[in-house]
Structures are given as C-alpha cells and as structure tokens.
Amino acid sequence: HAAEAQRTDLMTITRHVLNEQGRHPESRGDFTILLSHIVLGCKFVASAGEEQKKLDVLSNEVFVKALVSSGRTISSVLKLDSDTPFLSAQCVLVSEENEEAIFVDAPLRGKYCVCFDPLDGSSNIDCGVSIGTIFGIYMIKDKDNVTLDDVLQPGTDMLAAGYCMYGSSCTLVLSTGNGVNGFTLDPSLGEFILTHPNIKIPNRGKIYSVNEGNAKNWDAPTAKFVEKCKYPQDGSSPKSLRYIGSMVADVHRTLLYGGIFLYPADEKSPNGKLRVLYEVFPMSFLMEKAGGQAFTGKQRALELVPKKIHDRSPIFLGSYDDVEDIKALYASESTTA
Ligand code: P6P
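Residues numbered from 1 in each chain as written. Predicted model: local features only at pLDDT ≥ 70, side-chain atom pairs only at ≥ 80, totals over all residues. Heavy atoms only, no water.

Turning to the overall build of the chain, a few remarks are in order. Assigned secondary structure in the chain consists of eight helices and 13 strands. Within the chain, the fraction of its 337 residues that count as buried is 53%. Within the chain, counting contacts between residues at least 6 apart in sequence, those at least 24 apart form 67% of the total. Accessible surface for the chain amounts to roughly 15,200 Å². Of this, 52% is attributable to carbon and sulfur atoms. (Helix = DSSP H or I, 4+ residues; strand = E, 2+ residues; numbered from the N terminus. Buried < 20%, exposed > 50% of the residue type's maximum accessible area, 1.4 Å probe, protein only. Contact = heavy atoms within 4.5 Å. Areas by Shrake-Rupley, 256 points an atom, 1.4 Å probe, with all protein chains shown as cover.)

Put into structure tokens, the structure is as follows:
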C-alpha cells in the first residue's frame, strides 16, 4: 500500500516549489509563477525535437516569450548567436555583438532578472549528444529604475539556479537556495516529477572532465593538476577522463558521480570560454548547494562581479576535495611567482 500511496502522491516541480515558497511567508507567489514559465519553456524544448526551425533559435524565442508573458521578469540576458532573428518590438534583444540586455515593457515588469542560455551545447544537436538550458535568477534592486547593474551582480546574489538537460530523458535540476533537487519529465503526465531529492555531490570523485585538446595552452597549475589525475604520486589509481563537450551533460555527471569539471583559461582564451552569467554562476551555485565548490583559478566563482553581460571566466567545479587540490596548486603558484 505504501508503494501505491507513494506512486499516487506525485511530487511535481510545481508542488515542490510551492512547498519551498511556504518557507517565505512574505512571498506573493511571483517566484513560483516565474519558475512555472521557465518549466514551460523546458517542456517546449523537450518536445520540439522534430521542429524544422533550428532548435536553438526556437528555444530562444520560446524562453523570451514565456519569461516576458510571466509578467515576473524585468530583464533576461540571453546568449544569442548573431543569426538569431530579432523578436517582436516588445523587447530589445541581447546579441553577442551589441551587449544589450532585454528590458521588458513596463506593464509586464516583475521583480526578477533571469540570466539564461536557452540551449547550451547546441552545436551537439545533430549528433544526438545531450544539450541543455541553463538559468540563474536574481532579484532586481529597483523595479522603477532598472539598469544593467541589476544584471551585473555577483553570483552570491543569485536566488535560484538550475538546468534542464535534454537527453535520453529530460531532467531538470534546480536549487532555490535550500539544497538541490532533480526532476524527470514524465511525458505521459507532462510533469517534472521529483526523482533525485536533496542531491549531494561526493566529496571526492574518480573522474576529471576537461578538453585535453587544449593542453598545450594550459597554465602550470592546470597542467600539474591534470598530470596528477593521470599519474598520481600518492599510489592512488589514475582518474578516468570523461568529456562530453556539452556543459550541462558534463556538469550533471559530475554532480551525480563526483569528480571535477574544468574549463581553464589558456593562451588563446585568457578568460576561458564559459560565460559568467548563464554558465559559470548557475553551475557554481548548484555545486555549492550540493556540497561541492567552484573556483576560477583566482577566487570563489560566485564572488566574481561581472563587468559586462557576456563576460567569460575560467571555471573549476565539482567535488569539494578535488577543487581544493587545484586551489592549492594555484595558491602555491601565486606564492612562488
Ligand atoms: P570545447 C558548448 O559549445 C559549450 O559552450 C559548453 O556547453 C561546453 O562545456 C564547452 O562549450 C565545450 O567547449 O572548447 O571543449 O568544445
């Protein structure tokens, strides 16, 4: 009977977020409405696989419209490719060229800013590798006087973050500040059901995840760290290399199995490749809430203050003890340098 009772007691993501809202009596439910619109966008992308239009273009449009129509957002920073068509006159688009955030028309303005990448890893679509949506949510400081400063906040100001991975199943991982929970889309119900409650990343893992093809450009601490993964000096077994090349998939495996994901700076890209606002911050937020940590090579990743909305940063994130090891290598380099 217990199994039957549990089976019919569906913990959907909406119910889970409502429970979380209960922890904030002052809340008027705006956050819950905002999240429900992000979830709608994720369901759309999950179902849009057969669409003719390029999936990344389609997902940009559906997230922008879902967010604006939620009436709870004030601006959203999108990673758009140059060929993304301008949407309706309702908003000014972000483009990687002209560095503008999207400011929603006054009647639909809310109090949250959402920074997101609607379809990270989209270059992997045609070969069937998992891709995903990544998002982070901030509170706007002054709704009537919105500036870019509302978006250029440190990751420590983030209220919530998450990703939705579109792979063999559709999994949404979310933290609203109190732990990390994973939900799997049940297509028959059209609902995200809680399948991974209270995710905690192992303190140490057996996997390192980096693009070894960039090895000749790495700095000394990264090179030393990877060397130690492959040829450990302490008699432990070498780590396994797993690199999918789609951040959501590599981070999701790291969160569940432990280990470390690295996208370091190198001579070609002194700030690394990954974007602060909608890749580094949301994933760092989730790692910390799951008991791991995230480091830029110089500081705690969430303490970065972005200067421009498409800023990049090197990132080392994952199991707490594994990140400690690379922090020690950077610390010793800075003392000997
Ligand atoms: P590289 C995908 O293009 C992406 O933005 C992330 O999803 C992924 O982690 C990274 O770039 C892969 O970059 O240089 O290893 O191909």
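Looking now at the pairing of strand β13 (residues 315-318). The alternating pattern of β13 places Ile-315 and Leu-317 on one face and Phe-316 and Gly-318 on the opposite face, and all of these are buried. Where strand β11 (residues 260-263) and β13 come together, four bridges link them in antiparallel fashion. Paired with Leu-262 across the two strands is Phe-316, which belongs to β13. In this structure, strand β12 (residues 293-295) lies alongside β13, joined through three bridges in antiparallel fashion. (Pairing = 2+ DSSP bridges.)

What follows deals with the site of the ligand. As a structural note, the neighbourhood of the ligand is formed by twelve residues, with Asp-120, Asn-211, Tyr-243, Met-247 and Tyr-263 the closest of them. Residue Asp-120 places a side-chain N or O atom 2.4 Å away from an oxygen atom belonging to the ligand. Between the ligand and Met-247, the relevant distance is 2.8 Å, taken from an oxygen atom to a main-chain nitrogen or oxygen of the residue. If the ligand stood free it would expose 400 Å²; the protein chains cover 81% of that surface. Looking at side-chain class alone, the shell around the ligand contains four nonpolar, four polar and four charged residues. (Near = heavy atom within 4 Å. Polar contact = N/O pair within 3.5 Å; in protein donor to acceptor, adjacent residues only side chain to side chain. Nonpolar A, V, L, I, M, F, W, Y, C, P; charged D, E, K, R; others polar.)

Another point: the UniProt feature "domain: Fructose-1-6-bisphosphatase class 1 C-terminal" (unreviewed entry) in the chain. As annotated in UniProt, the feature "domain: Fructose-1-6-bisphosphatase class 1 C-terminal" (unreviewed entry) corresponds to residues 201-330 in the numbering used here. The annotated region residues 201-330 carries 36% helix and 12% strand content, and the separation between its end C-alpha atoms amounts to 23 Å. (UniProt positions renumbered as here; feature names shortened; annotations may be inferred.)

Let us now look at the environment of Val-251. Turning to its location among the elements, Val-251 is positioned in helix α6 (residues 247-257). A residue is classified by how much of its surface remains accessible, and Val-251, at 2% relative accessible area, is buried. The residues contacting Val-251, other than those within four sequence positions of it, are Tyr-163, Phe-261, Met-283, Met-287 and Leu-317.

Turning next to a positive patch on the surface. A surface patch of like charges, here positive, comprises Lys-216, Lys-268, Lys-273 and Arg-312. With respect to the helices, strands and loops of the structure, Lys-268 is situated in the loop between β11 and α7 (276-289). We classify Lys-268 as exposed; its relative accessible area is 60%. (Patch = residues over 30% accessible without salt bridge, like charges linked within 9 Å, V, L, I, M, F, W, Y side chains within 5 Å. Salt bridge = Lys/Arg side-chain N within 4 Å of Asp/Glu carboxyl O. Lys, Arg positive; Asp, Glu negative; His and termini not counted. Charge placed at Lys NZ, Arg CZ, Asp CG, Glu CD.)

The next subject is the pairing of strand β7 (residues 181-186). Where burial is concerned, most of β7 is hidden: five out of the six residues are buried. Here four bridges tie strand β6 (residues 170-175) to β7, and the two strands are oriented antiparallel to one another. Opposite Leu-172, over in β7, you have Phe-183 as the bridge partner. Two successive antiparallel strands, β6 and β7, enclose a turn made up of five residues, where Gly-177 displays a positive phi of approximately 105°. Counting the residues between successive antiparallel strands, the hairpin from β7 to strand β8 (residues 191-196) contains four residues, one of them, Gly-190, with a positive phi of roughly 70°.

Across the chain, the bulk of peptide bonds are trans and the bulk of non-glycine residues have phi less than zero. Positive phi, close to 50°, is recorded for Asn-198, a residue that is not glycine. By the element assignment, Asn-198 lies in the loop between β8 and β9 (207-209).

Here α6 lies mainly inside the structure; nine of its eleven residues are buried. Buried within α6 we find Met-247, Val-248, Ala-249, Asp-250, Val-251, His-252, Arg-253, Thr-254 and Leu-255. Following α6 by one or two positions, Gly-258 adopts a phi angle in the positive range, close to 90°.

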